[in-house]
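A structural walkthrough
Here's the letter readout for the chains.
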Amino acid sequence: MRLGLDDDELTSCVACGLCLPHCPTFVITGRDTESPRGRIALMRAVQNEGAPITAEVLRSMETCVQCLGCETACPSGVPFGHLMETTRAALAAEGRITPWWQRLGLRLLRHRRLLLAGSTLLALAGRLGLVPARRLGLPARLPLRRGRHRASGSDVWLFTGCVMDAWQRHTHLAVQRVLEATGVGVAPTAGAAPCCGALHAHAGLATDAGAIARQVIAALSVDGRPVLVDSAGCGAAMKHYGRLLGTAEAREFSARVLDVHEWLADRLDALLANRPAAPLALTVAVQDPCHLRHSQRSHEAVPTVLGPFVRELVSLDDDGLCCGAGGAYSMLEPELATAIRSRKTAAVERSGASVVASANPGCSLHLAAAGLDVRHPLELVAQALDSDGDS
Amino acid sequence: MATLLGAAARRLGRGADRAAPTADPDAALAADLRAAIGSERVRADAAARYLVSRDASIYSEGTAGPLCLPTSTEQVAACVRIAADHGRAVVPRGAGTGLAGGAAPLGRPVVLSLTRMNELLSVDLDNGVAWVQPGMVNLELSRRLAPYGMHYAPDPSSQQACTIGGNVATNSGGPHCLAYGVTSAHVVSLEVVLSDASVVTLGDLTAEPAGYDLRGAFVGSEGMCGITTAAAVRLTPDPAAVRTLLIAYDDVSSCAATVGAIIADGIVPAAIEMLDQRCVGAIEDFARAGYPRDAAAVLLVEVDGPPGGVAVAADRVAEIAAANGAVSVRAAADDDERARLWKGRKSAFGAVANILPDYYLHDTVVPRSRLVEVLEQVYEIADRYDLTALNVFHAGDGNLHPILAFDARVPGTMERVHAAGREIIEASLAVGGALSGEHGIGVEKRDYMERMFSDADLDQQSRLRAAFDPHCRLNPGKVLPSAHSCADIGSLRAADGKIWG
């Protein structure tokens, strides 16, 4: 079967194996079938040697978290993420992965009102004890009520997304509060651009991902203002619209997308002008979301922005290994996701931190489900700004 | 909501295997293995077998039979016993980063992957050793020893991925082996499963064990004498001070001449690495480590020890470099810069793909005094065969790593690569060199062994191997050329070469 992979991308892997310790699934299973090098070799076998797509080949592709830890580790510059997305698109087009119920769920993400209503219903059912939240990998308490979005100006967009807006709107409100402290007016995107399409691209639904990208670009291109994103996964997807659509307009749009920490790191003076007398009395561990560290490669902005507002920042000693959240991965591959997460929670314990700062909603839900106190970095900054020095 | 329902449905339905292998010639063997070590530790499907049919080299001649991932010494022994009962060979495997085909199965053997035996068993500060399982990753071991102010000294370029078991099998080297010695100097005792499935301990923690040094014979035996299931490795104290110098040259000869001059001066740096211009270019594309792209060649010299001695040695190295024509000498300003320089050096092989998609890496050793002339020959040979040669190597040891970069998709390329490789080996041997510095012989250099050793030498090596493994069940067909090995045993008969379908 043709997977539609670019031959130069495929042959750029020299099979040296330096990716292995950076792959969360290989670290857990020790099996080549669950390693980047192995996955690429199987892609080659299928595309060039006529190997059939067996159940094990599918498992190999489905178990990939798509964290891209292998990409930053790869001295040969193999574009693994692109190879995996292309492979999944070919497999999904043949109906070999991403079954109907996943497609239906993903389709829902584009319908904001339905999603919000469904989320509220789920929250209600949860309160009544009708939903086994833990078993489904859901947050223990989904919000019944959400704060209201209000635009304070039109200097920057704040992209609010789908599930994050339903489940973690308080984060968006805190982020907006921090942005406004630097003196800008913020326009939350809310219904204008209901979803970024990252999960669709991960699942191999390339057509859907493309349609969503075009919708987002059209909605947010009224002027050239920056598009700020407080979800690492969404930011990574939107920075890749240029490559996804291959148009000049998409590339221009992607160039306007910034992770919110990146944007703030360049305006630190304005932010620090509002700094309270004393930082929050917390020891905070910064968890680097893979889509910030390996995809956007802008994770260093997080400690730069957060550092001045808390008593102590500690880094984790696990070499940036993925936490296992991976968008919908933690729901689709719960056993692996939990095993991967236990390495992260052990690293957090070793660090001695009481709070974990995570700039990605998926990571934060996944880690919170393990009992950690996880906040968005800018929620902590907002708390410090409002604390007036008496934390 | 559908997602949630589906996830729930899927979770409830978990446990049923998706596919069962049918008409598998290994069915009985795999069934016995599963019964012995648990079905979750045995894989007999095409995808799993395909991936362990090669390592990081370009060799892939046989096909793997069932793949076992044991988690204890007893399970390793059980796999060896069952394979023997079925008349099948066993090939042990770590991370598969080997460059000589040592872990590439020949015939259709049972493959044992030791990656899941990766525990640090104990740290014994009084005896200065740590017991580790074979799947422990080299760099991870040093990380785990860091709280004790210790590290594991041999540091192959693949150290972030390669395992201690593989290091023992190939007697691995690494940049810092110049001063600290190679793997054999750092492994004091081994727990080994022999080919009859018995478990023995070779060597002990005393300074001078009684009897023959069987541990010494075992280290570097490339999985042909037994399978390491635990190793006692020496702890090396972290040096009090380290200085890393990056020295640039306008020509390769001056660079190579400096290496000999440093050693002749009585200094033994922790490491002396040499990189040529093409290699620097490939590395900088990935690591942005700060190597000068315009230099014809650079030396990376590291001195370590007590602060006073380090300062003196670093100054002396800089003087010698200047006297030998260096155009610049730069000391790494801090640990970050030092780490970047080493990251660049250690990713050199993979970074070759920034130039061309395939590479063939040699590993010959030549006397330091002949470095310049052999290097010139390497470039000349590559030019003649229309191949791109890059050089990055452990200059202090005279351990050359010429890389031939190529694109295997171009017809006729592999023939040229092998012919050029042969000439490079001949050139190294002609000046009194050796076939392999640290990667091992494996499949790659097996057929060159006769150039280096007499028939009598090879027969003796074969007898040593037979003393450990009389039936040639462990990693057969490697290292010893067929005339001097029992490689024609049934287990090596050409198996059905097709894994897929």
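See above for the structure.
This text gives an overview of the structure that appears in the document. These numbers were taken from a predicted model, which means no experiment stands behind them. Within any chain, residue numbers begin from 1 and follow the written order of that chain's sequence. Going through the entries in the order they are written, you letter the chains from A and number the ligands from 1. Restriction of local features to residues with pLDDT of at least 70 applies here, the model being predicted, together with a cutoff of 80 or more for giving and counting side-chain atom pairs; totals for whole chains, interfaces and linings are based on all residues. Computation of side-chain values: all heavy atoms of the structure, hydrogens and water removed.

Now for the overall build of chain A. Counting its secondary structure elements, chain A contains 23 helices and eight strands. Here the radius of gyration uses the C-alpha set of atoms, whereas the globule reference equals 2.2 Å times the residue count to the power 0.38. A compact globule built from 391 residues should have a C-alpha radius of gyration of about 21 Å, and chain A, at 21 Å, falls within 12% of that. Counting only C-alpha atoms and orienting by the principal axes, one finds that chain A spans roughly 65 × 45 × 45 Å. Within chain A, buried positions represent 61% of all 391 residues. Think of it this way: any DSSP run of H or I at least four residues long counts as a helix, any run of E at least two long counts as a strand, and we number them from the N terminus. Only protein chains enter the area calculation, which uses a 1.4 Å probe; residues under 20% of their type maximum are buried, those over 50% are exposed, and those in between are partly exposed.

Another point: the pattern of salt bridges. Whenever Lys or Arg places a side-chain nitrogen within 4 Å of a carboxyl oxygen from Asp or Glu, that contact is recorded as a salt bridge. A complete count under the given rule lists 41 salt bridges over all chains for this structure. Note that Asp288 of chain A is salt-bridged to Arg293 of chain A, the shortest N-O span being 2.9 Å. For Asp288 of chain A, a relative accessible area of 15% translates into the label buried. When its relative accessible area of 23% is taken as the criterion, Arg293 of chain A is described as partly exposed. Of the charged contacts, one joins Arg108 of chain B and Asp26 of chain B as a salt bridge, the two residues approaching to 3.0 Å between their closest N and O atoms. Of this pair, Arg108 of chain B sits in the loop between β3 (90–93) and β4 (110–113) while Asp26 of chain B sits in the loop between α1 (2–12) and α2 (27–37), placing them 82 residues apart in sequence.

Attention shifts here to the nonpolar core. As a rule of thumb, nonpolar side chains are buried together in soluble globular proteins. Nonpolar core, defined: a set of buried Ala, Val, Leu, Ile, Met, Phe, Trp, Tyr and Cys residues in which side-chain atoms within 4.5 Å join the residues together. In terms of nonpolar packing, the biggest core is built from 46 residues, with Ile247, Ile272, Met274, Leu299 and Val317 of chain B touching the most fellow members. In this structure, Leu3, Cys19 and Ala45 of chain A together with Tyr50 of chain B belong to the second largest nonpolar core, which totals 44 residues.

Once that is clear, we can look at the interface of chain A and chain B. Contact criterion: two residues are considered in contact whenever any of their non-hydrogen atoms come within 4.5 Å of each other. On the side of chain B, 46 residues touch chain A, which itself brings 60 residues to the contact. Values labelled buried area give the accessible surface lost by two parts on being combined, using a 1.4 Å probe and summing over both. Taking both partners together, chain A and chain B bury about 4,300 Å²; carbon and sulfur atoms supply 59% of that area. When the buried surface of chain A facing chain B is broken down by residue, Leu18, Pro75 and Trp101 of chain A rank first, second and third, together holding 14% of it. At the surface where chain A touches chain B, the tally comes to four salt bridges. For Arg93 of chain B, the salt bridge identified is with Asp32 of chain A, shortest N-O distance 3.5 Å.

So, about helix α13 (residues 232–239) of chain A. Within α13 of chain A, seven of the eight residues are buried, which leaves it mostly tucked inside the rest of the structure. Looking only at α13 of chain A, the buried set comprises Ala232, Gly233, Cys234, Gly235, Ala236, Ala237 and Met238 of chain A.

Below, the discussion takes up a negative patch on the surface. Residues and elements named next belong to chain B. To count toward a patch, a residue needs a relative accessible area above 30% and no salt bridge. Like charges then connect within 9 Å, nonpolar side chains (Val, Leu, Ile, Met, Phe, Trp, Tyr) within 5 Å. Only the protein chains shown count as cover for residues, with accessible areas throughout obtained via the Shrake-Rupley method and a probe of 1.4 Å. All tallies of charge rest on Lys and Arg as positive and Asp and Glu as negative; His and the ends of each chain are not included. By convention, charge coordinates are those of NZ in Lys, CZ in Arg, CG in Asp, or CD in Glu. Negative charge collects at one region of the surface, where Glu450, Asp455, Asp457 and Asp459 lie side by side. With three residues, helix α17 (residues 455–468) is the largest single contributor of residues to the negative patch. Secondary-structure assignment places Asp455 in helix α17.

Here the focus is helix α5 (residues 138–145) of chain B. The periodicity of an α-helix, 3.6 residues per turn, causes residues three or four positions apart to be oriented the same way. Residue and element names in this part refer to chain B. The complete set of buried residues in α5 reads Asn138, Leu141, Ser142 and Leu145. All buried residues of α5 fall inside an arc of 95 degrees around its axis, so they share one side. Against the buried residues of α5 lie β5 (120–124), β6 (129–132), β7 (150–151), α6 (164–170) and β10 (227–234). Relevant arc is that of directions from the helix axis to the C-beta atoms, nothing else.

The next subject is the sheet that holds strand β16 (residues 358–361) of chain B. One key point about sheets: their strands pair by backbone hydrogen bonds, in either a parallel or an antiparallel sense. All names here are of chain B. One requirement defines pairing of two strands: DSSP has to find at least two bridges between them. Pairing is antiparallel across the open sheet formed by seven strands, whose spatial order is β15-β12-β14-β13-β17-β18-β16. Of all strands in the sheet, those with a lone pairing partner are β15 (326–331) and β16, marking the two edges. Adjacent strand axes in the sheet meet at a mean angle of 20 degrees, parallel and antiparallel pairs treated alike. Bridge count for strand β17 (residues 388–394) against strand β18 (residues 402–406) is four bridges, and the pairing is antiparallel. For Leu390, the partnering residue across the bridge sits in β18 and is Ile403. Along the sheet face, helix α10 (residues 277–287) touches β13 (271–276), β14 (297–305) and β17 and points at about 95 degrees away from the line of β13. Working convention: axes come from line fits to C-alpha atoms, limited for helices to the stretch in contact. Angles between N-to-C directions cover 0 to 180 degrees.

All we've got here are geometric facts, nothing functional implied.
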